[in-house]
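Listed here are the chains, written in short residue letters.
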Amino acid sequence: MKKIKRWVAVIMVCLLTLTGAEAVYAQTYSWMQTAKKVRINTVVKGVAKNNQTPTLMDPWDSYEEFYYINIPTKMNISITVSVKGTQTLEVMLYNNQGNYLRQSGPWTYNRSRNQSSSTLQRSCGVGEYYIRLTHVFNYNSERYPYSMKVQGKFTNSVKINQVRKVSSTKAKITWKSAGKVTGYEIFRKNSGGAYKKIATVSGKKLSYINQRLKRRKTYYYIICAYRVVDGVKVYYKNSVAKKIRM
C-alpha cells in the first residue's frame, strides 16, 4: 500500500511539472499567435513605435512586431526592412518551434533617399517561419514609418532539353518538367540584345514553337518556371540559355 502511495505521489509531481513547463512554454511563445501573415514577394508597411512596457529586466522603450510566412517548398528568402533617416530595425527569423535561425546583416544608409535598410537572407525548407522586428528607442515619443519587402525564389530551375529548327522561320523549344508549377515563361534575345518575354504557357506544357524567326540569325532562349502561392507569383531560377542558328 505504501508503494502505491509513493507511485501516486511521483506521478502527481510529474504531472504538475509537465503542466508548469507547458504553461511556461505557452507564455514564452505566445507571440506566435499574434503574428500577422505576410505573402512572399509583397511589401508590408507599418510604423515602429513603443509598444512594449518597460520592466526591471528590460527598462527601455522598445518596439516589437511579428509576422509569419508559409513556405510550400524549399526556397531562398530575402527580407529587407527600410526606414527613413539613420535609424534601422533589427530583423530576426524563427522556425515554427520558436527556434532562432538568423539575424539581418549590417544596416546601410542611402543619402539620396535619406533611408536606412537591413537585409536578412536564408534558404528555407517547407513550413512556417516567423519574422521578428525589434528596436530600442531613446524616447517614448519616437515614430519611424517602415516598409518590409519579403522576397522568395525556389531553388531549383528548368532544364531546356533542346532548341531545334522546325522550318526556316520556326524553332521548337523543349524542356524538362520542373515539377508542380503554375506556368513557364519563355524569354528570347538576339546576339548582343536583351532578353524579352515572348510567351507564357501552362505548367502542363513542355514545349513551345517560336515563329517568324529570321534566317541567318542566332537566337538565345531561357525559360523560367513560376508557381502561384497565396495569389502571388513566385519564380524558380532561370534555366541555362540555349541558342540556335536559323
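Residues numbered from 1 in each chain as written. Predicted model: local features only at pLDDT ≥ 70, side-chain atom pairs only at ≥ 80, totals over all residues. Heavy atoms only, no water.

### Re the pairing of strand β11 (residues 159-167)
Relative to strand β12 (residues 170-176), β11 runs antiparallel, the two being bridged by seven bridges. For Val 163, the partnering residue across the bridge sits in β12 and is Ile 173. Here β11 hands over to β12 after two residues, the two strands then running antiparallel side by side. (Pairing = 2+ DSSP bridges. Helix = DSSP H or I, 4+ residues; strand = E, 2+ residues; numbered from the N terminus.)

### Looking at the packing of aromatic side chains
Applying the stated criterion across every chain yields a total of ten aromatic pairs. Judged by centre distance (6.0 Å) and plane angle (75 degrees), the ring pair of Tyr 94 and Tyr 100 falls under edge-to-face. Where Trp 175 meets Tyr 184, the ring centres are 5.3 Å apart and the plane angle is 55 degrees; that geometry is what we call tilted. A residue is classified by how much of its surface remains accessible, and Trp 175, at 2% relative accessible area, is buried. For Tyr 184, a relative accessible area of 0% gives the class buried. Among the aromatic residues, those joined into a ring-pair cluster are Trp 31, Phe 66, Tyr 68, Tyr 94, Tyr 100 and Tyr 130. Sitting over the ring of Tyr 226, Lys 233 keeps its end group 4.4 Å from the ring centre. (Phe/Tyr/Trp six-rings, centres within 6.5 Å; stacked < 30°, edge-to-face > 60°. Buried < 20%, exposed > 50% of the residue type's maximum accessible area, 1.4 Å probe, protein only. Lys NZ or Arg CZ within 6 Å of the ring centre and 35° of its normal.)

### Considerations on the environment of Gln 211
Inspection of the secondary structure puts Gln 211 in the loop between β15 (207-210) and β16 (218-229). In this structure Gln 211 comes out as partly exposed when scored by relative accessible area, which is 46%. Here the alpha-carbon distance between Gln 211 and Thr 169, two residues 42 residues apart in the chain, equals 6.0 Å. Apart from the residues lying within four places of it in its own chain, the contact partners of Gln 211 are Thr 169 and Lys 170. (Contact = heavy atoms within 4.5 Å.)

### Some words on the sheet that holds strand β1 (residues 36-37)
Taken in spatial order, the five strands line up as β1-β3-β9-β5-β6 in an open sheet, and their pairing is mixed. Two strands bound the open sheet, and with one partner strand each, they are β1 and β6 (100-103). By the bridge criterion, six bridges tie strand β5 (residues 90-95) to strand β9 (residues 127-137) in an arrangement that is antiparallel. If you follow Leu 93 over to β9, its bridge partner there is Ile 131.

### With respect to the sheet that holds β12
Reading across from one edge, β11-β12-β15 is the order of the three strands in this open sheet, with antiparallel pairing throughout. For this open sheet the edge positions go to β11 and β15, each flanked by a neighbour on one side alone. Strand-to-strand twist across the sheet, computed as the mean angle between neighbouring axes with direction ignored, equals 20 degrees. The pairing of β12 with β15 spans four bridges and is antiparallel. Residue pairing across strands places Ile 173 opposite Tyr 208, the latter belonging to β15. (Axes fitted to C-alpha atoms, helices over the stretch in contact; angles between N-to-C directions.)

### Points about a positive patch on the surface
A contiguous patch of positive charge, built from Lys 165, Lys 214, Arg 215, Arg 216, Lys 217 and Arg 245, is present on the exposed surface. As for its position among the elements, Arg 245 is in strand β18 (residues 242-245). (Patch = residues over 30% accessible without salt bridge, like charges linked within 9 Å, V, L, I, M, F, W, Y side chains within 5 Å. Areas by Shrake-Rupley, 256 points an atom, 1.4 Å probe, with all protein chains shown as cover. Salt bridge = Lys/Arg side-chain N within 4 Å of Asp/Glu carboxyl O. Lys, Arg positive; Asp, Glu negative; His and termini not counted. Charge placed at Lys NZ, Arg CZ, Asp CG, Glu CD.)

### What to know about unusual backbone geometry
One non-glycine residue, Asn 114, lies in positive phi territory at about 50 degrees. Given a relative accessible area of 37%, Asn 114 falls into the partly exposed group. Despite not being glycine, Asp 230 shows a phi value in the positive range, around 55 degrees. Mapped onto the fold, Asp 230 is located in the loop between β16 and β17 (232-237).

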